[in-house]
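# Structure at a glance
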Amino acid sequence: MISVFAACSSKTEANPDKANNPIVSVNQKTLYRADIDAAIPEGLSAADSTTAADTYIKMWINDELIYEKAKQNVTDQDRINELVENYRQSLTVFTYLEQLLKEELSKKISESELKDYYDKHPESFELESSLVKGLFLKIPRSSNEVNNFRQWYQSKAETAKEKIEKASFQNAVIYDYFYDRWVNFDDIATNIPTPIANVDQFVKTNKNFETQDSLYVYLLHIEEYALSGTTAPYEYAKPQITDILINKHRETFLKQIETDLYKKATDADEIKYYQKKENN
């Protein structure tokens, strides 16, 4: 089995023809290579990937064997089908209502209501890590455009942005432009080979930062920053506030949906009682 999965660390996308390669079958059900690729976390070493694949296969085989044995010995299939249908109904209703809450209720929450909540609850939006705005580039040292990138990345001018975008197609391994949104600095730091001991100090003192390793040059420009321990910028906190206010109004909103649906069905004579209610 090990030899079969020695290559599981390579992505299926690299060899689309193998996406549906069967690996093992049990009782006319088949496990495919694509299923295993989807189940194994990215970034594992070849050895760990092989171990994870072997573990997943054994678990899948055991599950199928137990399921087949259970089907042969559980006689009350009608009860199981009823439970499955009840679960399907509950899951469908839950999914629909969550979608409705996000689409409809979020429209009814005004900007002033969002801002008012933000102003009154600053302690709820304290940052656990620093945020930044700017741009990040990872460029091969062999690129003929390295010196040009060194000039462009420090400029906020639209012409510099256009030059970076044009040159990055063929010369940048990573080009992340985030002048228009807050980004968690930890996400940027994972792509920088230089260890950063004090993140807050780093973002305060490094408006323009360059480092390199044997293969790449890394360029980071920080236009704005928000330090850990401070209140998150409103635009960064806004999605979280929206979710808070949606949950706050959830019960009232759902009751209104139930009332409206019941009234509509009653008016359309879609609800039929086969026994009249007795008066108490």
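Above this note sits the structure.
Residues numbered from 1 in each chain as written. Predicted model: local features only at pLDDT ≥ 70, side-chain atom pairs only at ≥ 80, totals over all residues. Heavy atoms only, no water.

### With respect to the nonpolar core
Membership of the largest hydrophobic core comes to 22 residues, with the highest contact counts inside it found for Phe125, Ile241 and Phe253. Every element with two or more residues in this core is listed here: α4 (77–108), α5 (111–120) and α10 (234–267). Here the element with the most residues in this core is α10; it accounts for eight residues. With near-sequence residues (within four places) excluded, Phe253 lies in contact with Leu100, Leu101, Glu104, Leu105 and Lys108. (Core = buried A, V, L, I, M, F, W, Y, C linked by side-chain atoms within 4.5 Å. Buried < 20%, exposed > 50% of the residue type's maximum accessible area, 1.4 Å probe, protein only. Helix = DSSP H or I, 4+ residues; strand = E, 2+ residues; numbered from the N terminus. Contact = heavy atoms within 4.5 Å.)

### Concerning α5
Among the residues making up α5, those that are buried are Leu114, Tyr117 and Tyr118. Down the axis, α5 shows its buried residues gathered within 100° of arc, on one side only. Across α5 from its buried face, at more than 90 degrees, point the exposed residues Ser112 and Lys120. Against α10 lie the buried residues of α5. (Arc of directions from axis to C-beta.)

### Things to note about the pattern of salt bridges
For the coordinates displayed, the defined rule picks out 18 salt bridges. In this structure, Arg250 and Glu98 form a salt bridge, with 2.5 Å as the shortest nitrogen-oxygen distance. Remark: Glu98 occurs in helix α4 and Arg250 occurs in helix α10; sequence separation between them is 152 residues. Arg250 sits in the partly exposed class, given a relative accessible area of 25%. One salt bridge in this structure joins Lys263 and Asp267, with 2.9 Å as the shortest N-O distance. Residue Lys263 and its partner Asp267 are located together in helix α10, separated by four residues, close to a single helical turn. Residue Asp267 is classed as exposed on the basis of its relative accessible area of 57%. (Salt bridge = Lys/Arg side-chain N within 4 Å of Asp/Glu carboxyl O.)

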